[in-house]
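The primary structure of each chain is shown beneath.
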Amino acid sequence: MLPFSLIPNCHLPFFIDRGIICITELSDEVFFLSLPWTRGRLALLWTAEKGRRARLCAVVLCTLLTVFFQLLTPQVIRLTVDSVIDDKPFSLLGALTGLVDALGGRAYLREALWIPALAVIGVGLLGGLFNLIRRYFVLENAEFVAQKLRNTLYGHIQTLPYDWHVNIQTGDIIQRSTSDVDTVRTFLSSQMGEMVRSLALVASALFFMFSMDLTMTLATLSLLPFIFLYSWRLSRSVSKRFQEADEAEGALQAVAQENLTGVRVVRAFGRERFEVDRFNEKNNAWANLVIRMGDLLGNFWGTGDIITGLQMVIVMAVGVMRCTTGLTPATFLTFYAYANMLIWPVRNLGRVLTDMSKSSVSLGRIKEILAAAPETDAPDDLTPPITGEIRFEHVTFGYKDQPPVLKDISFTLKRGQTLAILGGTGSGKSSLVHLLCRLYDLPDDGGRITVDGFDIRHIRRHWLRRHVGLVLQEPFLFSKTIHENISLTAPSADREQVCHAAQLAALHDSIEDFSQGYDTLIGERGVTLSGGQRQRVAIARMLMQDAPIMIFDDSLSAVDTETDARIRRALREKTAHAATIIISHRLSTLMQADTILVLRDGLVEEMGTHDQLVAGAGTYRRIFEMQGRLEEEVST
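Being a predicted model, the structure only gives us computed values, none of them experimental. (Residues numbered from 1 in each chain as written. Predicted model: local features only at pLDDT ≥ 70, side-chain atom pairs only at ≥ 80, totals over all residues. Heavy atoms only, no water.)

Draft legend 1. Spotlight on the overall build of the protein chain. Helices and strands together make up the secondary structure of the protein chain, namely 21 helices and 17 strands. Relative to its full complement of 636 residues, the protein chain shows a buried share of 47%. Sequence-distant contacts, at least 24 apart, represent 70% of the contacts inside the protein chain between residues at least 6 apart. When the accessible surface of the protein chain is summed, it comes to about 31,600 Å², and 58% of that surface belongs to carbon and sulfur atoms. (Helix = DSSP H or I, 4+ residues; strand = E, 2+ residues; numbered from the N terminus. Buried < 20%, exposed > 50% of the residue type's maximum accessible area, 1.4 Å probe, protein only. Contact = heavy atoms within 4.5 Å. Areas by Shrake-Rupley, 256 points an atom, 1.4 Å probe, with all protein chains shown as cover.)

Pasting the structure below:
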């Protein structure tokens, strides 16, 4: 078994070997989860944790004691009728003879039947007490496993590469981390414990029944093979139906999440009716699958009622006949009680197998996330001092199964210099900065990117990203106050530092106009702010990081030209000692850069200063003249 990955925050290394996932926490508590898969069904789910094993043993012990006292009650009644009221010997529990004699003998007990009655009550109370303890520990263990599984999933998702997040829907991730985990929790809290109890009940009941009468035992068990076979076939059908329903629920959550996130676009284009119809379509598909599964379960329970009813008729008929050939009425009533006790465990077998199938599907979907390879650093990766000198050496990069988006890119950016990048859509601008942040890794034959002389493939990701400040065109803001959003990269910063960063981003005056100033709570994803305000909050947040490398990926596109100029003037002092990369389509933003790089179809078409490129006859000059004419037309 080889180590697969290590989740840093949860300290949960897990392994995958022949379809089995084993998750083990190496700290004070141990969490172990074994998932063997056979034909898509869950064969075993075992959980244990260091310091809690005594509780799991207590669950097993309490289960056995619960079953023992549950089965003991009919035996006490039978022995009271046959061996106390009547004179038959204590055939099953002969050891009770001494106890009966110590209590005064059969004659005394016949006069004091309150003693057997009290024994029945005591046995029932003990059974209920142990069942209460069993249920408590089972529920506690289920919640513990669910909590650990959610933490494991969330911690692992944080380590997965950017490429994985791009290729999966957020709603589906949420569904797997919530509904699927809850399915597992429900199985552990109800059916897993009931399965153990049922097995113990059936095994113990068989022992008692075989010791009393073989014919009645065979009559009681006559229809069990049919119920087992029917339950097994049901579990296979439910597993397939639940897989389809689970995937449909994930698609439904993805539609809802996407719609709620893009509510402004939906309203702006009047697409409410379309989105409602799309949601209804996914909702109806999911509901129909659930209804089909409900029909399947309804047929099972209806058929189970018929079979168990027939089972009781057989027990009654055979019992009446056996009573005419020597079976005591008390023994017959004991068999009838045991048959009633076995009805629920046997009938519950279908539910157990069904929930096992559901849990198997859910655990399989969880397994897909856990099996995704996380970002990992080699043991010898470095955390060198970073001052900001960047070098691209013949960099070529393409996404999976696609032609290269960057082809033989080479340039050098020193500390204190600014590199501006201009290019059309799909020219590779954003891919270039994603490579620098190691959101994507260069292939071995894709050239080389160095920071201060160190190949970034040998620099630890978290260390590199800590020294690279990045502002995207569509910045993400959290549903927190403006102060909290700006200070996100420096949580210990005081109000004065936050205000200074906001002033550099030309945002301070706008914030002061808000009724609550920096304590204004912005909506989810910053929807209560304008596009330009969101970009400036993101710029202020990045400035708080005080990184030696700063990247502005078209991050001033939503602000007006005058504000753009103010921000650039304020940033010039702040970024004087940093290596700065600016991506923009607005030449007024780029023209002060030390070097301007013009990309076209992934290639460097031009590179030089503003004056050099304007003097040429390439794309830069053509765009410069075009934007100049547009500005003249607007001014007139």
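Draft legend 2. Spatial organisation of the sheet that holds strand S14 (residues 549-553). Taken together, the 6 strands give an open sheet; going across it, the order is S13-S14-S15-S10-S16-S17, and neighbouring strands pair in mixed fashion. Two strands lie at the open edges of the sheet, namely strand S13 (468-471) and strand S17 (603-608), each paired on one side alone. Pairwise comparison of adjacent strand axes, ignoring direction, gives a mean angle of 15 degrees for this sheet. As paired strands, S14 and strand S15 (residues 579-583) are joined by 5 bridges and run parallel to one another. Residue pairing for S15: Ile-549 is matched across the bridge by Ala-579. (Pairing = 2+ DSSP bridges. Axes fitted to C-alpha atoms, helices over the stretch in contact; angles between N-to-C directions.)

Draft legend 3. Structural view of the environment of His-500. Looking at the element boundaries, His-500 is found in helix H15 (residues 495-504). Residue His-500 is classed as partly exposed on the basis of its relative accessible area, which comes to 46%. Linking His-500 and Met-544, residues 44 residues apart in sequence, is a C-alpha distance of 9.2 Å.

Draft legend 4. View of the nonpolar core. Counting 43 residues, the largest nonpolar core has Ile-486, Tyr-518, Ile-539 and Phe-552 as its most contacted members. If you list the elements that add at least two residues to this core, you get strand S10 (418-423), helix H14 (482-486), H15, helix H17 (531-545), S14, helix H18 (561-574), helix H19 (587-590) and strand S16 (595-600). Not counting residues up to four positions away in its chain, the partners in contact with Ile-539 are Val-471, Ala-505, Phe-552, Ser-555, Leu-556 and Leu-571. In this structure, Ile-409, Leu-464, Val-468 and Ala-579 belong to the second largest nonpolar core, which totals 33 residues. (Core = buried A, V, L, I, M, F, W, Y, C linked by side-chain atoms within 4.5 Å.)

Draft legend 5. Here's a closer look at the pattern of salt bridges. Tallied over the entire structure, the rule returns 21 salt bridges. We note a salt bridge from Asp-455 to Arg-448, for which the minimum N-O separation is 3.6 Å. Salt-bridge contacts for Arg-621 lead to Glu-625; the nearest nitrogen and oxygen are separated by 3.0 Å. Here the residue Arg-621 and the residue Glu-625 both occupy positions in helix H21 (residues 619-635), the gap between them amounting to 4 residues, near one helical turn. Connected through salt bridges with shared partners, the residues Glu-375, Asp-377, Arg-438, Asp-441, Arg-461 and Arg-465 form a single ionic network. (Salt bridge = Lys/Arg side-chain N within 4 Å of Asp/Glu carboxyl O.)

Draft legend 6. Quick look at the sheet that holds strand S9 (residues 406-413). Read across the sheet, 4 strands follow the order S9-S8-S11-S12 without closing on themselves; strand pairing throughout is antiparallel. What marks the edges here is a single partner per strand, and that holds for S9 and strand S12 (454-455). Bridge count for strand S8 (residues 390-397) against strand S11 (residues 448-451) is 4 bridges, and the pairing is antiparallel. Note on S11: the bridge partner recorded for Arg-391 is Thr-450.

Draft legend 7. Representation of the pairing of S15 in the model. Across the 5 residues of S15, 5 count as buried, placing the element largely inside the fold. Neither face of S15 is exposed, since Ala-579, Ile-581 and Ile-583 on one face and Thr-580 and Ile-582 on the opposite face are all buried. Direction of pairing for S10 relative to S15: parallel, over a ladder of 4 bridges. Bridge pairing in S15 places Leu-419 opposite Ile-581.

Draft legend 8. The environment of Met-316, seen in detail. Mapped onto the elements of the fold, Met-316 is located in helix H10 (residues 272-323). A relative accessible area of 36% means that Met-316 is categorised as partly exposed. Taking the C-alpha atoms as reference, Met-316 lies 9.3 Å from Phe-335; in sequence the two are 19 residues apart.

Draft legend 9. Quick look at the packing of helix H4 (residues 114-159) against helix H6 (residues 170-212). At a minimum axis distance of 9 Å, the contact between H4 and H6 shows a crossing angle of 155 degrees. Classed by the angle they form, the pair H4 and H6 counts as roughly antiparallel. Of the two elements, H4 crosses H6, and the hand of that crossing is right-handed. Mapping the contact onto sequence places Arg-134, Arg-135, Val-138, Leu-139, Ala-142, Glu-143, Val-145, Ala-146, Leu-149, Arg-150, Leu-153 and Ile-157 in H4 and Ile-173, Arg-176, Ser-177, Val-181, Arg-185, Leu-188, Ser-189, Ser-190, Gly-193, Glu-194 and Arg-197 in H6. Grouping the constituent residues of the contact of H4 with H6 by class yields 11 nonpolar, 4 polar and 8 charged. (Parallel < 35°, antiparallel > 145°, perpendicular 65-115°, else oblique. Left-handed = near helix turned anticlockwise from the far one by under 90°. Nonpolar A, V, L, I, M, F, W, Y, C, P; charged D, E, K, R; others polar.)

Draft legend 10. Structural detail: the confidence of the model for the protein chain. Averaged over every residue, the pLDDT of the protein chain is 77; residues scoring 70 or more account for 83%. Within the protein chain, the element-level pLDDT minimum falls on strand S4 (residues 32-34), averaging 34, and the maximum on S11, averaging 94. A low-confidence stretch, residues 1-48 (pLDDT under 50), is modelled with 131 contacts involving residues beyond four sequence positions or located in other chains. (pLDDT = per-residue confidence, 0-100.)

Draft legend 11. Expanded view of H18. A rise of 1.5 Å per residue sets the reference length of H18, with its 14 residues, at 20 Å; its end C-alpha atoms lie 20 Å apart and thus fit the reference within 8%. Among the residues making up H18, those that are buried are Thr-563, Asp-564, Ala-565, Ile-567, Arg-568, Ala-570 and Leu-571. Where H18 is buried, its residues touch H15, H17, S14 and H19. (Expected span 1.5 Å × (residues − 1).)

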